[in-house]
Structure formats: structure tokens, C-alpha cells
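Structural overview for review
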Amino acid sequence: VVQEIEPLDKSVHMLSGGVVYFANSFDWSKEERIYSRGAGVRYTLMPFRMLALRKSSLQDVIGVEFGVFNYKIINNSAIYNVAPMQFTIKYTLLFGDTLGLFVYGGIENHLVWATGTGADDNIRVSLASQQPCGGLGLLFHLVPSWDVRVDAGIEGFGGGLAVRF
């Protein structure tokens, strides 16, 4: 008799929002990074489950994630509005029904528009970079379908709430 293993989480979608501290630079050649606080939302589609791990207390999930954020950088009298858009692939390990650890990787593209009297187009172009994004994260289940989410990656770090459906 083969025992059927039930998925720890049957949700296929996740919507998360929160605060992120993004790393960006006016001049990437100098390797100087500015961390700016912003906010945003992520949508995750998780169609693949239990590909490598099929235990009742340890399972894996693969998903794709798209995120849109916004933050501002003020430089003298210019304000640069930056809207990073991320597309990543996320691999999550679920430890029982209370904890998930994930690794993600992908690409981040910044849309930038400047306002103010001292706006410099060279700075705007530098901030409008495309860069890789990737890192680690944690999902801690609060109540059914709701998680606290924490991310730390090369593009920045942050946290917020997520709802699975």
C-alpha cells in the first residue's frame, strides 16, 4: 500500500506587500550604493510542488514571481522616482505548516523619472539600470493563508505580509 502524501500548502497564488530597502547607485563604476526605502507588491504563481521532496513535513515548491515597487532618491533639488520591476524564479522549502525558506534569482529593471530644477539626465540614466536580483527569504505562517515574509538579496532587503490563495 502506497501512502498518499498531501501537499503542505495547496495554494497556487501568493500576493505579498511590504517595505524594501533597495540598493542603487548614481555611478555603478564607483561601487557606491545608496539604500532607499520603498514599498511594493509581488505576485507569485506556484504551479510546481513536491518535485524533489515528498515528505509529510518537508516539501518543495517552485514558482515564478513578478514584483513592482517604488522609492524616491533626493539629490540636491532633484527628486528621482524609481520603480523597480522584478521577475524571479523562486524555490521554496516548506518545513511543516509553519515555516518556509526560499532562494530566488532573476532580473530587476528600474524605470526612473526625475522632477525638480536640478534633475540630471546622466544620473537618471544611471539609476535606470537593469541588474540581477537574487537572495534568500523566509515565510513564517501567522494564520491560515497568511505569512510574514522577509527577503535579503543583492538588490536590497525588506519584509511584509503575504496572502496565499
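Remember, predicted model here, so these are calculated numbers, not experimental data.

The subject of this paragraph is the overall build of the protein chain. In terms of helices and strands, the protein chain carries one helix and eight strands. Element order for the protein chain, N to C, with α for helix and β for strand: β-β-β-β-β-α-β-β-β. Expressed along its principal axes, the backbone C-alpha trace of the protein chain runs to roughly 75 × 30 × 20 Å. Every one of the 165 residues in the protein chain was classed for burial, and the buried ones make up 38%. By element, 64% of the accessible surface of the protein chain is carried by carbon and sulfur atoms, the whole surface being about 8,900 Å². Taken as two groups, the 13 positive and 15 negative side-chain charges of the protein chain have centres that lie 3 Å from each other.

With that settled, consider the sheet that holds strand E1 (residues 13–24). Ordered by their spatial adjacency, eight strands build a closed barrel running E1-E2-E3-E4-E5-E6-E7-E8, and the pairing between neighbours is antiparallel. Sheet twist, expressed as the average angle between the axes of neighbouring strands with direction ignored, equals 25°.

So, about the pairing of strand E5 (residues 99–116). In this sheet, E5 lies alongside strand E4 (residues 78–95) in antiparallel orientation, the contact comprising 18 bridges. Residue pairing across strands places Val82 opposite Val112, the latter belonging to E5. Counting the residues that bridge the hairpin from E4 to E5 gives three residues, and of these Gly96 lies at a positive phi of roughly 65°. Direction of pairing for E5 relative to strand E6 (residues 130–143): antiparallel, over a ladder of eleven bridges. By the bridge assignment, Glu108 is partnered in E6 with Gln131.

About the cut-offs
Residues numbered from 1 in each chain as written. Predicted model: local features only at pLDDT ≥ 70, side-chain atom pairs only at ≥ 80, totals over all residues. Heavy atoms only, no water. Helix = DSSP H or I, 4+ residues; strand = E, 2+ residues; numbered from the N terminus. Buried < 20%, exposed > 50% of the residue type's maximum accessible area, 1.4 Å probe, protein only. Areas by Shrake-Rupley, 256 points an atom, 1.4 Å probe, with all protein chains shown as cover. Lys, Arg positive; Asp, Glu negative; His and termini not counted. Charge placed at Lys NZ, Arg CZ, Asp CG, Glu CD. Pairing = 2+ DSSP bridges. Axes fitted to C-alpha atoms, helices over the stretch in contact; angles between N-to-C directions.

These values are about where atoms sit, not about what they do.
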